[in-house]
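Examination of the molecular architecture
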Amino acid sequence: MAKDHGAQIKDDALYEELRKQGNSKEKAARIANAKAAGTLDHKSTRLEDRSKADLLKEAREIGIAGRSKMDKVELAKAIRGHR
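We now turn to the structure provided with this report. Throughout this description, residue numbers start from 1 for each chain and increase along the sequence as written. Only residues with pLDDT of at least 70 get local features here, since the model is predicted, and only at 80 or more are side-chain atom pairs given and counted; chain-wide, interface and lining totals rely on the full set of residues. Calculated side-chain values reflect all of the structure's heavy atoms, with hydrogen atoms and water omitted.

Each nonpolar core is a collection of buried residues, namely Ala, Val, Leu, Ile, Met, Phe, Trp, Tyr and Cys, held together in the definition by side-chain atoms within 4.5 Å. Summary of the burial criterion: residues with accessible area below 20% of their type's maximum are buried, those above 50% are exposed, and those between are partly exposed, where the area comes from a 1.4 Å probe applied to protein chains only. Counting residues in hydrophobic clusters, the biggest one holds eight residues: Leu 47, Leu 55, Ala 59, Ile 64, Met 70, Leu 75, Ala 76 and Ile 79. By the criteria applied, helices consist of DSSP H or I runs no shorter than four residues and strands consist of E runs no shorter than two, each listed in order from the N terminus. Sorting the residues of this core by element identifies helix H3 (52–62) and helix H4 (72–82) as the ones contributing at least two each. Among the elements that line this core, the one with the most residues is H4, at three residues. In what follows, residue pairs with any heavy atoms lying within 4.5 Å of each other are defined as contacts. When neighbours within four sequence positions are excluded, Ala 76 is seen to be in contact with Leu 47, Glu 48 and Leu 55.

So, on to the environment of Asn 33. With respect to the helices and strands, the residue Asn 33 is situated in helix H2 (residues 25–37). Expressed as a C-alpha distance, the spacing of Asn 33 and Tyr 15, which sit 18 residues apart in the sequence, is 8.5 Å. When sequence neighbours within four positions are dropped, the list of residues in contact with Asn 33 reads Gln 8, Ile 9, Lys 10 and Asp 11. Each polar contact in these results corresponds to two N or O atoms within 3.5 Å; when the atoms are within protein, one needs to be able to donate a hydrogen and the other to accept it, and residues that are neighboring in sequence are counted only if both atoms are side-chain atoms. Engagement of the side chain of Asn 33 in a polar contact is seen with the backbone oxygen of Gln 8, the distance being 2.9 Å.

What follows is about the environment of Leu 18. Tracing the backbone through its elements, the reader meets Leu 18 in helix H1 (residues 12–20). Between the C-alpha atoms of Leu 18 and Ile 31, which are 13 residues apart in sequence, the distance is 8.5 Å. Leu 18 has contacts with Asn 23, Ala 28, Ile 31 and Ala 32, leaving out every residue within four places of it along the chain.

Counted as salt bridges are all cases of a side-chain nitrogen of Lys or Arg within 4 Å of a carboxyl oxygen of Asp or Glu. All chains considered together, the criterion is met by three salt bridges. Note that Arg 46 is salt-bridged to Asp 49, the shortest N-O span being 3.6 Å. Residue classification places Arg 46 among the partly exposed positions, given a relative accessible area of 46%. For the salt bridge of Glu 48 with Arg 80, the shortest nitrogen-to-oxygen distance reads 3.0 Å. Of this pair, Glu 48 sits in the loop between H2 and H3 while Arg 80 is found in helix H4, placing the two residues 32 residues apart along the sequence. For Glu 48, a relative accessible area of 36% puts it in the partly exposed group. For Arg 80, a relative accessible area of 42% translates into the label partly exposed.

Any functional reading would require information that these geometric values do not contain.
Next comes the structure, spelled out in structure tokens:
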């Protein structure tokens, strides 16, 4: 049985599982709450399946330096390392 994490966490079991996987409290809460609300949208589960333009956009949003000189594989590795 999952521990009750209060009203701010909508899916306690998923939150606990994400924390065990090493996700931060904030990220685990965002994912658990989005899943509970039905708003969790996965465009692709694998970075390699996304276009280079999509990877560049995500790299820009999270602030990865040197992204314009990276190829698709390097972008995926940098994004994965940032998570």
